[in-house]
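# Results of the structural survey
Residues per chain are reported as follows:
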Amino acid sequence: MKIDVLTLFPGMFAGPLDESIVKRAREAGLLKLGIHNLRDWTHDRHKTVDDRPFGGGPGMLLKPEPIFEAVEQLASEQTKVILLCPQGRKFDQSIARELAQREHVLLVCGSYEGFDERIREALADDELSIGDFVLTNGALPAMVIVDAVTRLLPGVLGDDESSRDESFSHGKLEGPHYTRPAEFRGMKVPDVLLSGNHAEIAKWREQQAQVRTEARRPDLLGEQKT
Ligand code: 4G0
């Protein structure tokens, strides 16, 4: 799939998306990633992207003209255009799965105090937030979404990694896991995991997942979210 990102800070994207699994996915051609500087669609000497709000008030807004021109150039009919802003619907694993089915996604990063409302009305197919907090701009949320979507693309993860994801997505948190040594600084791995009794191990894991989910994320047990 192709993901384009429109941002005022293209330099922030060098690094996080050039490492690890996303790097591999890009090299394999499974993810085509385009990072675009919004200032490239300005026409004035100062490359102005923002302006003061009508009616007064603090802060600045992203003005419509550069974003309209950029989106009109970068997006087609089939592109899903997404604004990243704290007012968006909360990004989660099910939205990541939905985006991973798309041919083309365009992520539009906000900054300053937000967007001129006409950008939302005329250009956005959706608005997403990665959580209830405010960042200086939408570049980090864009990278979070690129990462979460990329690892779901067919062929990106190995069979082992994908089936592990499957178990997390069944609506509960994972319980504890252990690797060698069987005893470390006096701390022992639970006997059941060393027993070789696969039925008992499965039962124990399910019970541990239930206990952990009740303690940490009771909201996951009420509704089936993921
Ligand atoms: C639009 C996303 C964009 C409006 C973006 C800020 C957090 C998130 C921005 C604002 C962002 C998130 C109204 C402050 C840029 N911060 N939680 N900052 N306002 O996904």
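Before reading on, note that the structure itself is shown above.
What follows concerns the nonpolar core. Nonpolar side chains in soluble globular proteins generally cluster together in the buried interior. With 30 residues, the main nonpolar core has I3, L31, L99 and L107 as its most contacted residues. Sort the elements by how many residues they give to this core and helix α5 (residues 139-150) lands first, with seven residues. Setting aside its immediate chain neighbours within four residues, L31 contacts M1, I3, V22, A25, R26, V146, T150 and L153. Formed by 19 residues, the second largest nonpolar core is a distinct cluster that contains V71, V81, C85 and L106.

Once that is clear, we can look at the site of the ligand. Looking at the ligand, there are 18 residues lining it, with E113, I130, G131, F133 and L135 nearest. With respect to the ligand, the backbone of E113 contributes an N or O atom lying 3.3 Å from a nitrogen atom. A distance of 2.9 Å is found between a nitrogen atom of the ligand and a backbone nitrogen or oxygen belonging to G131. The element that contributes the greatest number of residues to the shell around the ligand is strand β5 (residues 80-90), accounting for four residues. The residue makeup of the shell around the ligand, split by class, is ten nonpolar, seven polar and one charged.

In this section: α5. Helix length check: α5, at twelve residues, gives a terminal C-alpha distance of 16 Å against a target of 16 Å (1.5 Å per residue), a fit within 8%. Listed in full, the buried residues belonging to α5 are A139, P141, A142, M143, I145, V146, A148, V149 and T150.

Read across the open sheet, the five strands follow the order β2-β1-β6-β5-β7; overall the sheet is parallel. Unpaired on one side and paired on the other, β2 (32-37) and β7 (126-129) mark the two borders of the sheet. Averaged over all neighbouring strand pairs, the angle between strand axes comes to 30°, with direction disregarded. Note: strand β1 (residues 2-7) against β2, six bridges, orientation parallel. When the bridges of β2 are listed, I3 appears paired with L33. Running over the sheet, helix α2 (residues 64-74) touches β1, β2, β5 and β6 (104-109) and is turned about 165° from β6.

What counts and what doesn't
Counting starts from 1 at the beginning of each chain's written sequence and moves along it residue by residue. Local features in this predicted model are restricted to residues whose pLDDT is 70 or higher, and side-chain atom pairs enter the listing and the counts only when it is 80 or higher, whereas totals over whole chains, interfaces and linings include all residues. Excluding hydrogens and water, the side-chain figures rest on all heavy atoms present in the structure. Only buried Ala, Val, Leu, Ile, Met, Phe, Trp, Tyr and Cys residues count toward a nonpolar core, and they belong to the same one when joined by side-chain atoms within 4.5 Å. Partly exposed describes any residue whose relative accessible area lies between the buried limit of under 20% and the exposed limit of over 50%, with all areas from a 1.4 Å probe on protein chains only and scaled to the type maximum. Here a strand is any run of E in DSSP of at least two residues, a helix any run of H or I of at least four, and the numbering for each starts at the N terminus. Residues are treated as being in contact if the distance between any of their heavy atoms lies within 4.5 Å. The rule for a residue being near a molecule or strand is that one of its heavy atoms must lie within 4 Å of it. Any N or O atom pair separated by 3.5 Å or less is treated as a polar contact, with the protein-specific requirement of one donor-capable and one acceptor-capable atom, and with residues adjacent in sequence counted only for side-chain atom pairs. Amino acids outside the nonpolar list (Ala, Val, Leu, Ile, Met, Phe, Trp, Tyr, Cys, Pro) and the charged list (Asp, Glu, Lys, Arg) are all regarded as polar, and Gly is one of them. Helices are assigned an expected span. That span is 1.5 Å times one less than the residue count. Pairing between two strands is assigned when DSSP locates at least 2 bridges connecting them. Interaxial angle, 0 to 180 degrees, is taken between N-to-C directions of lines fitted to C-alpha atoms, where a helix line uses only the stretch in contact.

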